[in-house]
Amino acid sequence: MNAFDEDEDRYSGSLDWALWRRIVARARPYRTSIAQLVGAGLVVAAIDATLPALSGRLIDEALRAGWSRTLTWFSLAYFASFVVIGAAVVWFIVLAGRIATGLAHDFRRDGFARMQTLSFSFFDARPVGWLVSRLMGDVGKVAGLMPWFFVDLVWGGSLLLFSVAMMLWLDVGLALWVLSIVPPLVLLSVVFQRKLLASSREVRRTNSRITAAYAEAIAGVRTTRALHRESAALEEFQDETGAMLQHSVRRALQSALYLPLVISIGSVGVGLALWRGGLRVDDGLSLGTLVAFMQYAALFYQPIRELAQRFTELQSAQAAAERIQTLLDTQPQVRDSPAVLAALAQPSAEGEAIDGGKPTIETIRFEDVGFAYVPGEPVLRDVNFTVRAGQTIALVGPTGGGKSTIVSLLARFYEPQQGAIRLDGVDHRERSLHWLQSNLGVVLQSPHLFSGTVEDNIRYGRLEATDAEVRDAARRVGAHAMIEGLAEGYATAVGEGGGKLSTGQRQLISLARAVLADPQIFIMDEATSSLDTETEAQVQAGVEAALQGRIAFVIAHRLSTIRRADLILVIDQGRIVERGTHAELIALRGRYAELQAQSQAATTVDAALREEAG
Ligand SMILES: Nc1ncnc2c1ncn2[C@@H]1O[C@H](COP(=O)(O)OP(=O)(O)OP(=O)(O)O)[C@@H](O)[C@H]1O
Ligand SMILES: [Mg+2]
């Protein structure tokens, strides 16, 4: 359980009508189904409310005239009513299912689409796995509740109204006696529904803690045994299961108590009707009316119980609805400016990019760039440099210095808080995000592959590429031999996230993917860090060829591309501390020379070990 689950099912004392109005507004595409649901609810309520009166008339008629034709009609009407109610219930279930699945689908689709547009900063604050399972759970809860809320609101509400009207019509005095049970019924139902909700929540919470404890105990079973912690682990587990038992028993007791209690109140109503009505039978109150009132009294608790239950559910689902709505309302922090959006709406001329700007990138300039992921904790300060087309720029420096952050800013995953990044003099925030990102080829240290084959994954770089082009790209980065060596070559499935391949294999495939895309800017962030020195050397030539004519950003510890880079920036604690070519920096005998000496030592040791092993 993590901090994000703390507000699970948060019970809010009051209903946020504005929020629910917006959620209900999303059900608009299903208005025909909802109208049918409401119609069916009204019909069932009307029948439910007339049946007691009908029974009364039946009795009076039978007493007056014995078995007659009228009586046969009454019985038929009685029978028909039950057929209609049965059919309506089936129809309720079908319609409610249709609305719930439709709504859930829409919420998930919109939520997914929204998540795709959100900036990285949004996900920094929230784990993705949590977000996804949250979205699924929340949507299921809210969408499942909506149709039944409509049903019960219409059915329960109108049944109450109709019954009260019928009773008042039949006999005002008796009606007031029977209605005296309504306030205690409402009170009891509201109190119990809240209690039930709270105890179900406890059961669920304990349950998820038990699941987590189970998972942790099994995942860590080796460690537990090695440390002789079995008995402690068992004790902790027993505490949780003990709590679970307690909560479950409490919940069972509460739900066992509720129904008999409301039914008893109903019986009090029946008793009241019998007593006050019975006294008046001699004064001319018909037996049928008496029976009708007794039935109304017994009928009341049902709609009240349902309504109380739905409103409590609505309150408990409010947190879920709020989270869905918040996600749908969240605007990505990094997005196209209004000017860019306007330009995108215009057809672009020949020789123009989609946003009407220059299609090629000749220079990239970082001007006094400053950035912080968390306000007040700057990660980059006063970063200034310029690269031109055809040049390779290498970023080196200690871990956490800010190298990846620089390329994230260039890719506009984040935007700088100070200074600007200019593409041929134009602030990159004045260009289209899509245009910029489609001109980037990015290979990361732990690259992500999508489920599918190796070939599919390379082709993501450029969907219309031919098989020959895919293989050519693989050859150029030295990945071809590795791929051919896989069980099914290019048709090998890579597994979810590329999990069936090693990190080094994933790096080679994503290099091929980036090369195939033929981007203007190539970014390699530790792209070959998981390759052994031998493979890296093979990849080297291909990578260098791939970088020809482009602007390349290379972050690496060992790659000798760095030595041939046109500009090397040494980044430490968010600042550029040294800059120049390899020769210049070595001559400087500063940080770079130091890093170089360390890495050379490491490579020598690596080679020596290899020799020994071979
Ligand atoms: N998403 C993030 N949210 C908050 N802080 C971050 C985030 N990403 C990086 N940082 C912080 O920013 C600083 C710079 O990180 P960055 O990843 O740019 O370093 P780096 O030079 O690429 O390091 P490495 O060589 O280890 O990859 C670090 O202190 C890191 O903790
Ligand atoms: Mg990094």
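Small disclaimer: the values here were computed from a predicted structure and weren't measured.

Draft legend 1. Representation of the sheet that holds strand S4 (residues 418-423) in the model. Reading across the sheet, the four strands line up as S2-S1-S4-S5 and stay open at both edges, with antiparallel pairing between neighbours. Unpaired on one side and paired on the other, strand S2 (380-388) and strand S5 (426-427) mark the two borders of the sheet. Its contacts with the sheet place helix H14 (residues 403-410) against strand S1 (363-371), S2 and S4, and it is angled at close to 120 degrees to S1.

Draft legend 2. Expanded view of the side chain of serine 55. Within the secondary structure layout, serine 55 lies in helix H2 (residues 31-65). When its relative accessible area of 5% is taken as the criterion, serine 55 is described as buried. At 2.9 Å, the side chain of serine 55 forms a polar contact with the side chain of tyrosine 78. Setting aside residues no more than four positions away along its own chain, serine 55 makes contact with Tyr78 and Gln295.

Draft legend 3. Fine view of the site of ligand 1. All residues adjacent to ligand 1 are Asp124, Tyr373, Val379, Thr399, Gly400, Gly401, Gly402, Lys403, Ser404, Thr405 and Tyr414. Residue glycine 401 places a main-chain N or O atom 3.2 Å away from an oxygen atom belonging to ligand 1. Contact between ligand 1 and threonine 405: an oxygen atom at 2.4 Å from a side-chain N or O atom of the residue. Summarising the interface, the protein chains cover 64% of the accessible area of ligand 1, which totals 630 Å² for the free molecule. Here the element with the most residues in the shell around ligand 1 is H14; it accounts for three residues. Along the lines of polarity and charge, the residues of the shell around ligand 1 split into three nonpolar, six polar and two charged.

Draft legend 4. Inspection of the domain arrangement of the protein at higher detail. The assigned domain composition of the protein is domain 1 (10-329) and domain 2 (357-439 + 556-614). The C-alpha-based centres of domain 1 and domain 2 are spaced at 60 Å.

Draft legend 5. Structural view of the pairing of strand S7 (residues 521-525). Of all five residues making up S7, five are buried, and the element is well covered by its neighbours. Here S7 shows two buried faces, one formed by Ile521, Ile523 and Asp525 and the other by Phe522 and Met524. When strand S6 (residues 440-443) meets S7, the two strands line up parallel, connected through four bridges. Bridge assignment links valine 443 to a residue of S7, and that residue is methionine 524. Relative to strand S8 (residues 551-555), S7 runs parallel, the two sharing five bridges. The residue bridging aspartate 525 from the neighbouring strand is isoleucine 555, located in S8. Between the parallel elements S7 and S8, the chain passes through helix H20 (residues 533-547) in a crossover that is right-handed.

Draft legend 6. Structural detail: the side chain of glutamine 507. Structurally, the position occupied by glutamine 507 is in helix H19 (residues 503-517). Engagement of the side chain of glutamine 507 in a polar contact is seen with the backbone oxygen of glutamate 526, the distance being 3.4 Å. If near-sequence neighbours (up to four positions away) are discounted, glutamine 507 is found in contact with Val443, Leu444, Gln445, Pro447, Glu526, Ala527, Thr528, Ser529, Ser530 and Leu531.

Draft legend 7. Structural detail: a nonpolar patch on the surface. On the surface, Leu42, Leu161 and Phe162 cluster together into a nonpolar patch covering about 270 Å² of accessible area. Mapping phenylalanine 162 onto the fold places it in helix H5 (residues 128-170).

Draft legend 8. A look at the nonpolar core. Among the nonpolar cores identified, the biggest contains 75 residues, and Trp20, Leu103, Phe107, Val142, Met167 and Leu185 are the most heavily contacted of them. Excluding anything up to four places from it in sequence, leucine 185 contacts Val262, Ile265, Phe300, Tyr301 and Ile304. Formed by 42 residues, the second largest nonpolar core is a distinct cluster that contains Ala473, Val477, Tyr490 and Tyr592.

Draft legend 9. Quick look at the sheet that holds S8. Pairing in this open sheet of six strands is mixed, and the strands run S6-S7-S8-S3-S9-S10 from one edge to the other. With partners counted over all chains shown, the strands left at the sheet margins are S6 and strand S10 (575-580), one partner each. Here the average twist between neighbouring strands, direction ignored, is 15 degrees. Bridge count between strand S9 (residues 567-572) and S10: five bridges; the pairing is antiparallel. Residue pairing across strands places isoleucine 568 opposite glycine 580, the latter belonging to S10.

Draft legend 10. Representation of the packing of helix H3 (residues 69-117) against helix H12 (residues 318-329) within the structure. Between H3 and H12, the shortest axis-to-axis distance is 9 Å and the interhelical angle comes to 45 degrees. The orientation of H3 with respect to H12, classified from their angle, is oblique. In the packing of H3 onto H12, the handedness of the crossing is left-handed. For the pair H3 and H12, the contacting residues are Phe107, Asp110, Gly111, Arg114 and Met115 in the first and Ile324, Leu327 and Leu328 in the second. Residue composition of the contact of H3 with H12, by class: five nonpolar, one polar and two charged.

Draft legend 11. Summary view of the pattern of salt bridges. Taken as a whole and judged by the stated rule, the model has 27 salt bridges. Among the ionic pairs, lysine 358 bridges to aspartate 424, the shortest N-O distance being 2.6 Å. Placement of the pair is lysine 358 in the loop between helix H13 (338-345) and S1 and aspartate 424 in the loop between S4 and S5, with a sequence separation of 66 residues. One salt bridge in this structure joins arginine 564 and glutamate 544, with 2.8 Å as the shortest N-O distance. Of this pair, arginine 564 sits in helix H21 (residues 561-564) while glutamate 544 sits in helix H20; the two residues are 20 residues apart in sequence, bridging distant segments of the chain. Given a relative accessible area of 55%, arginine 564 falls into the exposed group. With relative accessibility at 21%, the residue glutamate 544 sits in the partly exposed group. In the salt-bridge network here, residues are joined through shared partners; they are Asp152, Arg305, Glu306, Arg310 and Glu313.

Draft legend 12. Fine view of the packing of aromatic side chains. This structure, assessed with the given rule, holds 13 aromatic pairs. Ring geometry for phenylalanine 192 versus tyrosine 258: centroids 5.5 Å apart, planes at 35 degrees, classification tilted. Of this pair, phenylalanine 192 sits in helix H7 (residues 182-219) while tyrosine 258 sits in helix H9 (residues 230-281); the two residues are 66 residues apart in sequence, bridging distant segments of the chain. Neither residue differs from the other here; phenylalanine 192 and tyrosine 258 are each classed as buried. Connected via pairs of aromatic rings, a cluster forms that spans Phe120, Phe371, Tyr373, Phe413 and Tyr414. Above the plane of the ring of tryptophan 275 lies arginine 276, whose end atom (NZ or CZ) is 4.6 Å from the centre.

Draft legend 13. Focus on the packing of H2 against helix H10 (residues 287-299). As a packed pair, H2 and H10 sit with axes 7 Å apart at the nearest point and diverge in direction by 155 degrees. On the basis of the axis angle, H2 is roughly antiparallel to H10. The interaxial crossing formed by H2 with H10 has right-handed handedness. Of the residues in H10, those touching H2 at Asp48, Ala49, Thr50, Leu51, Pro52, Ala53, Ser55, Gly56, Ile59, Asp60 and Leu63 are Leu287, Gly288, Thr289, Val291, Ala292, Gln295, Tyr296 and Leu299. By residue class, the composition of the contact of H2 with H10 is eleven nonpolar, six polar and two charged.

Analysis parameters
Residues numbered from 1 in each chain as written. Chains lettered and ligands numbered in written order. Predicted model: local features only at pLDDT ≥ 70, side-chain atom pairs only at ≥ 80, totals over all residues. Heavy atoms only, no water. Pairing = 2+ DSSP bridges. Helix = DSSP H or I, 4+ residues; strand = E, 2+ residues; numbered from the N terminus. Contact = heavy atoms within 4.5 Å. Axes fitted to C-alpha atoms, helices over the stretch in contact; angles between N-to-C directions. Buried < 20%, exposed > 50% of the residue type's maximum accessible area, 1.4 Å probe, protein only. Polar contact = N/O pair within 3.5 Å; in protein donor to acceptor, adjacent residues only side chain to side chain. Near = heavy atom within 4 Å. Areas by Shrake-Rupley, 256 points an atom, 1.4 Å probe, with all protein chains shown as cover. Nonpolar A, V, L, I, M, F, W, Y, C, P; charged D, E, K, R; others polar. Domains from an automatic or database assignment. Right-handed = clockwise from strand over helix to strand, strands pointing away. Patch = residues over 30% accessible without salt bridge, like charges linked within 9 Å, V, L, I, M, F, W, Y side chains within 5 Å. Salt bridge = Lys/Arg side-chain N within 4 Å of Asp/Glu carboxyl O. Core = buried A, V, L, I, M, F, W, Y, C linked by side-chain atoms within 4.5 Å. Parallel < 35°, antiparallel > 145°, perpendicular 65-115°, else oblique. Left-handed = near helix turned anticlockwise from the far one by under 90°. Phe/Tyr/Trp six-rings, centres within 6.5 Å; stacked < 30°, edge-to-face > 60°. Lys NZ or Arg CZ within 6 Å of the ring centre and 35° of its normal.

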